Amino acid sequence: MSTHIGELLGNEAQALLSYECKGVPKSSLHLPGPDFVDRIFALSDRPVRVLTNLQRLFDHGRLGGTGYLSILPVDQGIEHSAGASFAPNPVCFDPEGIVNLAIEGGCNAVASTLGVLGSLARKYAHKIPFIIKLNHNELLTYPSKHDQVMFANVQQAFDLGAAGVGATIYYGSDEATRQIQEVSEAFHEAHQMGMFTVLWCYLRNSAFKTEEADYHLAADMTGQANHLGVTIEADIIKQKQPECNGGYNALKFGKTHKKVYSDLIPGDHPIEMTRYQVVNCYMGRMGLINSGGASGENDLAQAVKTAVINKRAGGMGLISGRKAFQKPLKVGVELLNAIQDVYLSQDVTIA
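Thresholds, definitions, all that
Residues numbered from 1 in each chain as written. Predicted model: local features only at pLDDT ≥ 70, side-chain atom pairs only at ≥ 80, totals over all residues. Heavy atoms only, no water. UniProt positions renumbered as here; feature names shortened; annotations may be inferred. Phe/Tyr/Trp six-rings, centres within 6.5 Å; stacked < 30°, edge-to-face > 60°. Lys NZ or Arg CZ within 6 Å of the ring centre and 35° of its normal. Helix = DSSP H or I, 4+ residues; strand = E, 2+ residues; numbered from the N terminus. Buried < 20%, exposed > 50% of the residue type's maximum accessible area, 1.4 Å probe, protein only. Contact = heavy atoms within 4.5 Å. Polar contact = N/O pair within 3.5 Å; in protein donor to acceptor, adjacent residues only side chain to side chain. 1 Å grid on protein atoms, 1.4 Å probe; cavity = no way out; pocket = protein on both sides within 12 Å on 5 of 7 lines; lining within 4 Å. Points joined across faces, edges and corners; volume = space filled by probe spheres on them. Nonpolar A, V, L, I, M, F, W, Y, C, P; charged D, E, K, R; others polar. Salt bridge = Lys/Arg side-chain N within 4 Å of Asp/Glu carboxyl O.

If you check an unreviewed UniProt entry, the protein chain appears there as fructose-bisphosphate aldolase from Vecturithrix granuli. What UniProt states about the protein chain under its Sequence similarities (unreviewed entry) heading is, verbatim, "Belongs to the DeoC/FbaB aldolase family. FbaB subfamily."

Here it is, written out as structure tokens:
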């Protein structure tokens, strides 16, 4: 075991590194590995050019050849405002600061806006896989509203040399039906053009947050969001790591089954809850990458913890933005490398 990983986990090390899942066994999962494109995607309806770009993604960066992914996502200049996102590290107002961090940090890819990646396409699109985020929620409208709308189209992503496209759907929101239709159409077009697809599968509804818990982070509900995401042929699912369970029962809506809680997610261990997210990605046929979350205190330890949970659950990697880009380049690189070290460690095994 990497001493550094154990030290960062602190008093949680034993509970996270030694836990064995009691719900869905690892033998039921399609786990990441060097042959993932050949073993999983080559059996699908994805065009050959999509397989080519997926293989390029899996072969790039420090995790190249492992089947795991470390992606730098920077769309917060729109999602949260440029000031809120880049004031802690103003170099990222310049798109080159973003791309340089992804390259120096050994990432498999960089995901950002049409404007950011388009401004540097001829310099970098052949050096690191680009993922164009097609839709965004902008917060300059007053009063604030939350709706993912298209800022770019698939043709623009193709023209600047992107390897993949990404989008967000706010499942549970009033706008979800329209977003599902828009993103499904865009993902089909992207596949036809040879680009892979990444879906940010987020829950958003004020009723999902109660005094008892924030069920936006419930294992049962985020799992279903993942299942909806792979239904429109997202190749990779980005999801927030679960922090609770039982959202359906607490909110008294939708449909579930008692065996979800007794058999599939026994208890509240974070690895069990995250495994249920993987299960809903067609038992891992479509990779689950968890969000790194907001920047705060102990970012390095928190990022490593999230990576350990994701890997041991059967996930495919981490997509970590603010924890990395809101810091000086050297510190951001160290954080990205620490995440990658979890996936490179042969001692961090599937639970």
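S.K.: It is not clear to me how the packing of aromatic side chains should be interpreted in this structure. Could you clarify?
M.R.: How two aromatic rings sit relative to each other is set out by the distance from centre to centre and by the angle between their planes. Counted under the stated rule, the structure contains seven aromatic pairs. Note that Lys-133 overlies the ring of Trp-200, its terminal NZ or CZ placed 5.2 Å from the centroid. Over the aromatic face of Tyr-170 sits the side chain of Arg-204, whose NZ or CZ is 4.5 Å from the ring centroid.

S.K.: What is the right way to look at the environment of Asp-214 in this model?
M.R.: As for its placement among the helices and strands, Asp-214 is situated in the loop between strand S7 (196-203) and helix H11 (219-231). Residue classification places Asp-214 among the partly exposed positions, given a relative accessible area of 26%. As for Asp-214 and Glu-243, which are separated by 29 residues in sequence, their C-alpha atoms are 8.4 Å apart. Setting aside its immediate chain neighbours within four residues, Asp-214 contacts Phe-208, Lys-209 and Cys-244. A polar contact is formed between the side chain of Asp-214 and the side chain of His-216, at a distance of 2.7 Å.

S.K.: Even after reading the chapter, I still don't get the side chain of Ser-173, so can you show me in this structure?
M.R.: Within the secondary structure layout, Ser-173 lies in the loop between strand S6 (164-171) and helix H10 (176-193). From its side chain, Ser-173 meets the backbone oxygen of Tyr-170 in a polar contact 2.7 Å long. If we skip the residues at most four places from it in the chain, Ser-173 touches Gln-179 and Arg-204.

S.K.: Could you clarify how one ought to interpret empty space enclosed by the protein in this entry?
M.R.: Gaps left between atoms show up when a probe the size of a water molecule is rolled over them. Scanning all chains against the criterion turns up one cavity of 30 Å³ or more. Here the residues of the lining of the largest cavity are counted per class, giving six nonpolar, five polar and no charged.

S.K.: Is there a simple way to explain the pattern of salt bridges in this structure?
M.R.: Proximity of charged atoms lets side chains of opposite charge pair with each other. This structure, assessed with the given rule, holds 13 salt bridges. A salt bridge links Arg-312 to Glu-20, with the shortest nitrogen-to-oxygen separation between them at 3.6 Å. Linking Arg-312 in helix H15 (residues 299-313) with Glu-20 in the loop between helix H2 (13-17) and helix H3 (36-39), this pair joins segments that are 292 residues apart in sequence. Of the residues examined, Arg-312 reaches a relative accessible area of 0% and is grouped as buried. With a shortest N-O distance of 2.9 Å, Asp-341 and Arg-62 are connected by a salt bridge. Pair noted here: Asp-341 is in helix H17 (residues 329-344) and Arg-62 is in the loop between helix H4 (48-59) and strand S1 (69-74), with a separation of 279 residues, a long-range link.

S.K.: Honestly, the side chain of Asn-280 in this entry has me stumped. Any pointers?
M.R.: Among the secondary structure elements, Asn-280 is positioned in the loop between helix H14 (270-279) and strand S9 (287-291). Looking at Asn-280, the relative accessible area reads 8%, which means it is buried. Engagement of the side chain of Asn-280 in a polar contact is seen with the backbone oxygen of Tyr-276, the distance being 2.9 Å. Apart from the residues lying within four places of it in its own chain, the contact partners of Asn-280 are Gly-223, Gln-224, Asn-226, His-227 and Val-230.

S.K.: Whenever I open this one, unusual backbone geometry confuses me. Can you help?
M.R.: Peptide bonds are trans in most cases, and residues, glycine excluded, mostly fall at negative phi. In this structure, the amide linkage connecting Tyr-142 to the following residue, Pro-143, adopts the cis form with an omega of -5°. The residue Pro-143 is located in the loop between strand S4 (135-136) and strand S5 (149-150) in this model. The phi angle at Glu-233 is positive, at roughly 65°, despite the residue not being glycine. Here Tyr-282, not a glycine, exhibits a phi torsion of approximately 55°, which is positive. Within the secondary structure, Tyr-282 sits in the loop between H14 and S9. Note on Tyr-282: relative accessible area 33%, which makes it partly exposed.

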